[in-house]
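One letter stands for each residue in the lines below.
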Amino acid sequence: MAVVQAKNVSVAFGAVTVIEALNLDIAEGEFIVLLGASGCGKSTLLNCIAGLQEIAEGEIWIGADNVTWAEPKDRGVGMVFQSYALYPRMTVRENLSFGLRMSKMPKAEIEARVKRAVEILQIGALLDRRPSELSGGQRQRVAIGRALVRDVDVFLFDEPLSNLDAKLRTELRVEIKKLHQDLGSTMIYVTHDQIEAMTLADRIAVMNKGVIQQFAAPKDVYMRPANRFVAGFVGSPSMNFLKAKVADGASLEVATPDGRRFPLQGYATAAPWRVGQEIEIGIRPEHWVVGTAPSGAVPVEATITVVEHTGPEALLWARVGDTTISVKVADDSGYEEGQALRVHFLPAQASVFDLATGERL
Ligand SMILES: Nc1ncnc2c1ncn2[C@@H]1O[C@H](COP(=O)(O)OP(=O)(O)OP(=O)(O)O)[C@@H](O)[C@H]1O
Ligand SMILES: [Mg+2]
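Below is a short write-up of the structure. (Residues numbered from 1 in each chain as written. Chains lettered and ligands numbered in written order. Predicted model: local features only at pLDDT ≥ 70, side-chain atom pairs only at ≥ 80, totals over all residues. Heavy atoms only, no water.)

## Focus: the environment of Val9
Looking at the secondary structure, you find Val9 in strand β1 (residues 2-13). Note on Val9: relative accessible area 0%, which makes it buried. Not counting residues within four places of it along the chain, the set of residues in contact with Val9 comprises Ile19, Glu20, Ala21, Leu22, Cys48, Ile55, Glu57, Gly58, Glu59 and Ile60. (Helix = DSSP H or I, 4+ residues; strand = E, 2+ residues; numbered from the N terminus. Buried < 20%, exposed > 50% of the residue type's maximum accessible area, 1.4 Å probe, protein only. Contact = heavy atoms within 4.5 Å.)

Encoded structure:
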């Protein structure tokens, strides 16, 4: 049984519908990431689950309960925001216990819960400080602690690491992952950061304009994007796209604009291919083979325009006809601007999309 479900949920602000007939089934204990560009409806969907946003149509279920009309506090969810939302005049200890004190919980029980949260998050040394005396990372730990003490079944995170610097983000990301492993609670985490999505999620829901484009394990989203949007959105630098036409549907032979024909040997396709169908072949920057290529690899002739050294590797930007591609190479020596570059791709690692519909073929 799914522990959190959105059934046919629609949300409108005035005349503008931002989420339409959305369905999402989350299993117990899963770590789900809602990933998408700014304004695509991630926070709106999370707020619907939390009870902070009224829905126009549909239902929200948590466990065996239809909570569509339940108060946020009665849903068994704990929420952590980007802005921490701590009480500035209270100490860390008071911030942690405030909600419990308001609900008239016995003092001993409050103390036990605060103690446990403090141990899990290792914030014991901060208990008597006020939020203004904490770093961003410490504040966010306290904010997570406030959800922890409530002993909820479902944690909701809305871009909790966005206000932190890169190093701290990485540290706290690992801690959130550990927290999930230790608690085993269901977690729904909103971000527009792909690395967070790839590293944290059991499954990622990629959203665009209020619609879930793909809901799958990170590896599947990365290796087998369901459509052109997901392919272009996930991965940095972005997947490269080469335009082509189907020359022979049965043998998956394609023709490129420069008149070359080759079969996409080993590409796993479900849909039948039509002769003349316009397609795009997607290749990840790290999937190009430079130098000796295995059999079945498709050669592409390019001209290097820019060489970027990133430290452990280099990124080559190159022209192929009127398209620019990016090529990741491990050994960054010996590449120069203007140099001819022959790269290959393996059809089995590529993604093919219908140009008109954007759907994966
Ligand atoms: N109270 C509101 N009134 C009107 N429009 C709203 C309101 N809240 C959100 N919207 C609109 O709904 C859409 C989705 O907003 P939402 O906050 O869910 O996006 P998001 O994916 O969380 O973006 P971000 O990454 O920037 O936080 C946006 O176009 C936004 O302008
Ligand atoms: Mg948001």
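Okay, back to it.
## So, helix α3 (residues 107-121)
Relative to the 21 Å expected for 15 residues at 1.5 Å per residue, α3 spans 21 Å between its end C-alpha atoms, a close match to the ideal helical length. Buried within α3 are the following residues: Ile110, Arg113, Val114, Ala117, Val118 and Leu121. Seen from one end, α3 has its buried residues packed into an arc of 135°, which puts them on one side. For α3, the exposed residues lying more than 90 degrees away from the buried face are Ala108, Glu111, Lys115 and Glu119. (Expected span 1.5 Å × (residues − 1). Arc of directions from axis to C-beta.)

## Focus on the site of ligand 1
If you check the shell around ligand 1, you find Phe13, Val18, Ala37, Ser38, Gly39, Cys40, Gly41, Lys42, Ser43, Thr44 and Glu159 and nothing else. A distance of 3.0 Å is found between an oxygen atom of ligand 1 and a backbone nitrogen or oxygen belonging to Gly41. The protein chains hide 54% of the 630 Å² of surface that ligand 1 would expose on its own. Among the elements that take part in the shell around ligand 1, helix α1 (residues 42-50) stands out by supplying three residues, more than any other. Of the residues belonging to the shell around ligand 1, the class tally is four nonpolar, five polar and two charged. (Near = heavy atom within 4 Å. Polar contact = N/O pair within 3.5 Å; in protein donor to acceptor, adjacent residues only side chain to side chain. Areas by Shrake-Rupley, 256 points an atom, 1.4 Å probe, with all protein chains shown as cover. Nonpolar A, V, L, I, M, F, W, Y, C, P; charged D, E, K, R; others polar.)

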